[in-house]
Amino acid sequence: MKNRQLNPNWVAAVLIGFTLLIVAILPVSIRIETNTSTADSPTVVEYTLKTVLGQTPPMAYIGVGGTIDGVINPDLTANVGDTVRITVINGDPVLHDMMIDEFNAHSGHLDKQDQEGVTEFVANRPGEFVYYCSTPAHREVGMQGKLVITGEAPSGEYVAADQSPSVALQPTTAPADPNAVSIVRNPADVPPPVGDREPMTVRVDLTAVEVVGQLADGATFSYFTFDRTVPGPMLRVRVGDSVELHLKNDTTSLFPHSIDLHSVTGPGGGAVYTQTNPGAETMFTFKGLNPGLYVYHCATPSVAHHIANGMYGLILVEPEGGLPPVDKEFYMMQGEIYTAQPFGTAGHLDFSHAKMLDEDPEYFVFNGASMALTTDEYALRANVGDTVRIFFGVGGPNATSSFHVIGEIFDRVYDQASLTASPLTDVQTTLVPPGGATMVEFALEVPGRYILVDHALARLERGLAGYLYAEGADAPDIFHSEGEASSAGH
Ligand code: CU
Ligand code: CU
């Protein structure tokens, strides 16, 4: 706050400095004007790229016309100062685009077959730049290439001004979608036993639907589903059955989808013949040769992305004569959700491919949503005296489950979901790998609330728990306390 008076010598010096600066700049300005008025009009470099699916890599751009014709993810070249114009044609009805971050170049979002987008920019600096599709996972499975710009960087502020980072890359959280629906599959939603019948042909219809669903309180997420729930419907056939499987991809979908059933003996478990574009339908048949409880899932690249977003289910192939009868059957599957935002964030959460590759999920879920099976609507319910069977599978895509029921012991574990080996008996916790399943059975002797968990219990705090209520008379000879039940300590 001292010496605020202007020194007249300094004022004079600054004025002289400005004058010198203007004199120095003037000739440069004139030179630029002269240049632009010559006959050398700027060169326009034009490229056309078309999206292509099902090649190697599974999603890519292919050059159309000129030197890049037919080349997958071609190198595009230009000289400094050129105007670059890139036309992108959607070769399929899947959501794509093309971006080059450094030039803020974007084709616009394309989701119709043959839809075109154009982006144009000035190649104002030399270097190697990446063009890519910004649809989740598309870049990672192959939709990217190089733009190589050669020449000298022009000096001055012209380049510096354009080097601002792209704001489009900053993570933001949209508000939770008010139209989000429940995607939770009710664990009581189990088809009736096949029982003792002859093999037959069974037709199965499944539809891949992309649904904005409720992930947690105040949080929504864009799920991929079979028939609008996670997991998809449980399928139930018997060994020797021929299954005619029809897969539709809903017209509202932005991604292709497919199905690989682990009960299939044949290429890709069916995935090779069911890569299905939005609005299309595919079909194949298979014979159930091996009894067992099998995972099915979408197998469209990035496969882990489609699984993480909810595309998995179980198919039970009953052995000849069927399974022994029980009182209650339930259907549960475990999965991981990889959101860009931390666990507990409110809003519409985005999928993070990077977290998926790091196997670092924010949420763990039974039947699709955080704590879903602890709610009154979706909790498992049985009576004291019942025998309970749980068909349990892990969609994953990455984490192995240590499946456990707090306060119960599995009387029988059909380890690895093998229905032909003798079951293990008297088991506390059983391992279920991604793409694997188990069938567990136990009797309910004592009333109360039993908590279903993965005994990697940190996951409980990331949304992974379910309740099984057993109603009925006390059994003091088995379990008895004079104290009051606490909600803590399970
Ligand atoms: Cu794409
Ligand atoms: Cu899919």
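Because the structure is predicted, anything quoted here is derived from the model rather than measured.

Peer 1: Outline the overall build of the chain, listing residues and values.
Peer 2: For the chain, the helix and strand inventory stands at 4 helices and 29 strands. Within the chain, the proportion of its 490 residues that are buried is 48%. Sequence-distant contacts, at least 24 apart, represent 71% of the contacts inside the chain between residues at least 6 apart. A total accessible area of about 23,400 Å² is found for the chain, and carbon and sulfur atoms account for 54% of it.

Peer 1: Got a sec to walk through the pattern of salt bridges? Specific residues and values, please.
Peer 2: Applying the stated rule across the entire model yields 17 salt bridges. The partner of Glu 281 in a salt bridge is Lys 248, with the nearest N and O atoms 3.9 Å apart. Residue Glu 281 is located in strand 15 (residues 281-287), and its partner Lys 248 is located in strand 13 (residues 242-249); the two are separated by 33 residues in the primary sequence. Relative accessible area serves as the criterion here: at 39%, Lys 248 is assigned to the partly exposed category. With its nearest N and O atoms 2.9 Å apart, the salt bridge here joins Lys 355 to Glu 362. In terms of burial, Lys 355 and Glu 362 fall into one category: buried.

Peer 1: Residue-level account of the coordination of the copper ion (ligand 2), with values.
Peer 2: Taken together, the protein donors to the copper ion (ligand 2) comprise His 257 (ND1), Cys 298 (SG), His 306 (ND1) and Met 311 (SD), at separations of 2.0 to 2.6 Å. Sequence spacing of the donors to the copper ion (ligand 2): H-x40-C-x7-H-x4-M. Here His 257 is found in the loop between strand 13 and strand 14 (260-261), whereas its partner Met 311 is found in the loop between helix 3 (303-308) and strand 17 (312-318), with 54 residues between them in sequence. Given a relative accessible area of 1%, His 257 falls into the buried group.

Peer 1: Hey, could you go over the coordination of the copper ion (ligand 1) for me, with residue numbers and the actual values?
Peer 2: Every protein donor of the copper ion (ligand 1) is listed here as His 96 (ND1), Cys 133 (SG), His 138 (ND1) and Met 143 (SD), and their distances to the metal cover 1.9 to 2.7 Å. Around the copper ion (ligand 1), the 4 donor atoms sit at angles spanning 88 to 132°, and that spread fits a shape best called tetrahedral. Every donor residue of the copper ion (ligand 1) comes from the same chain, spaced as H-x36-C-x4-H-x4-M. You can see Cys 133 sitting in the loop between strand 8 (127-132) and strand 9 (144-150) and its partner Met 143 sitting in the loop between strand 8 and strand 9, a full 10 residues away along the chain. Judged by its relative accessible area of 1%, Cys 133 falls in the buried class. Overall, the relative accessible area of 0% leaves Met 143 in the buried class.

Peer 1: Any chance you could break down the side chain of Ser 401 for me, citing the residues and the numbers?
Peer 2: Along the chain, Ser 401 turns up in strand 23 (residues 401-406). A polar side-chain atom of Ser 401 sits 2.7 Å from a polar atom in the side chain of Gln 334. The contacts of Ser 401, once residues within four sequence positions are left out, are Gln 334, Phe 392, Val 394, Thr 430, Leu 431, Val 432 and Asp 454.

Peer 1: So what's going on with the pairing of strand 3 (residues 76-79)? Residues and values would help.
Peer 2: What you see with strand 3 is a clean split: Leu 76 and Ala 78 sit on the buried side and Thr 77 and Asn 79 on the side with no burial. Taken together, the 4 bridges between strand 3 and strand 9 define a ladder with parallel strand orientation. Across the sheet, Thr 77 pairs through a bridge with Val 148, a residue of strand 9.

Peer 1: Account for the sheet that holds strand 15, naming residues and giving values.
Peer 2: Sheet architecture is open: 5 strands sit in the order 15-13-10-11-19, paired in mixed fashion. Looking along the sheet, the strands with just one partner apiece sit at the ends: strand 15 and strand 19 (347-349). Pairwise comparison of adjacent strand axes, ignoring direction, gives a mean angle of 25° for this sheet. Here 7 bridges tie strand 13 to strand 15, and the two strands are oriented antiparallel to one another. Looking across to strand 15, one finds that Ser 242 is bridged to Lys 287.

Peer 1: Got a sec to walk through the nonpolar core? Specific residues and values, please.
Peer 2: Considering soluble globular proteins, one finds that nonpolar side chains tend to be buried as a cluster. Counting 65 residues, the largest nonpolar core has Met 332, Ile 390, Phe 391, Phe 442 and Leu 468 as its most contacted members. Here Leu 468 is in contact with Phe 330, Leu 380, Arg 381, Ala 382, Phe 442, Leu 444, Gly 448, Arg 449, Tyr 450 and Leu 452, once residues within four sequence places are set aside.

Peer 1: An account of the pairing of strand 20 (residues 363-366) is requested, with residue identities and associated values reported.
Peer 2: Burial along strand 20 is two-sided: Tyr 363 and Val 365 facing one way and Phe 364 and Phe 366 facing the other are all buried. In terms of strand pairing, strand 18 (residues 328-337) meets strand 20 through 4 bridges, oriented antiparallel. In the sheet register, Gly 335 faces strand 20, and the bridge partner there is Val 365.

Peer 1: Explain the sheet that holds strand 14 to me, and be specific about the residues and the numbers.
Peer 2: Here 4 strands make up an open sheet; going across it, the order is 12-17-16-14 and the pairing mixed. At either end of the open sheet lies a strand with only one pairing partner, and these are strand 12 (235-238) and strand 14. Pairing analysis gives 6 bridges linking strand 16 (residues 292-297) to strand 17, with the strands arranged antiparallel. Within strand 17, the position partnered with Tyr 296 by the bridge is Gly 313.

Peer 1: Residue-level account of unusual backbone geometry, with values.
Peer 2: The residue after Thr 56, namely Pro 57, is reached through a cis peptide bond having omega -5°. Along the polypeptide, Pro 57 turns up in the loop between strand 1 (44-53) and strand 2 (59-63). For the bond from Val 230 to Pro 231, the omega torsion is -5°, close enough to zero to count as cis. Within the secondary structure, Pro 231 is located in the loop between strand 11 (219-226) and strand 12. Its identity is not glycine, yet Ala 137 carries a phi of approximately 75°, on the positive side. Considering the arrangement of structural elements, one finds Ala 137 in the loop between strand 8 and strand 9.

Peer 1: How would you summarise the environment of Ala 304 if you had to cite specific residues and measurements?
Peer 2: With respect to the helices, strands and loops of the structure, Ala 304 is situated in helix 3. In the structure, Ala 304 is positioned 94 residues away from Asn 398 in sequence and 8.1 Å away in space, judged by C-alpha atoms. Aside from chain neighbours lying at most four places away, what touches Ala 304 is Met 356 and Pro 397.

Calculation notes
Residues numbered from 1 in each chain as written. Chains lettered and ligands numbered in written order. Predicted model: local features only at pLDDT ≥ 70, side-chain atom pairs only at ≥ 80, totals over all residues. Heavy atoms only, no water. Helix = DSSP H or I, 4+ residues; strand = E, 2+ residues; numbered from the N terminus. Buried < 20%, exposed > 50% of the residue type's maximum accessible area, 1.4 Å probe, protein only. Contact = heavy atoms within 4.5 Å. Areas by Shrake-Rupley, 256 points an atom, 1.4 Å probe, with all protein chains shown as cover. Salt bridge = Lys/Arg side-chain N within 4 Å of Asp/Glu carboxyl O. Donors = N, O, S within 2.8 Å, 3.2 Å for Na, K, Ca; no water. Tetrahedral: all angles 85-135°; square planar, octahedral: opposite > 155°, others 65-115°. Polar contact = N/O pair within 3.5 Å; in protein donor to acceptor, adjacent residues only side chain to side chain. Pairing = 2+ DSSP bridges. Axes fitted to C-alpha atoms, helices over the stretch in contact; angles between N-to-C directions. Core = buried A, V, L, I, M, F, W, Y, C linked by side-chain atoms within 4.5 Å.

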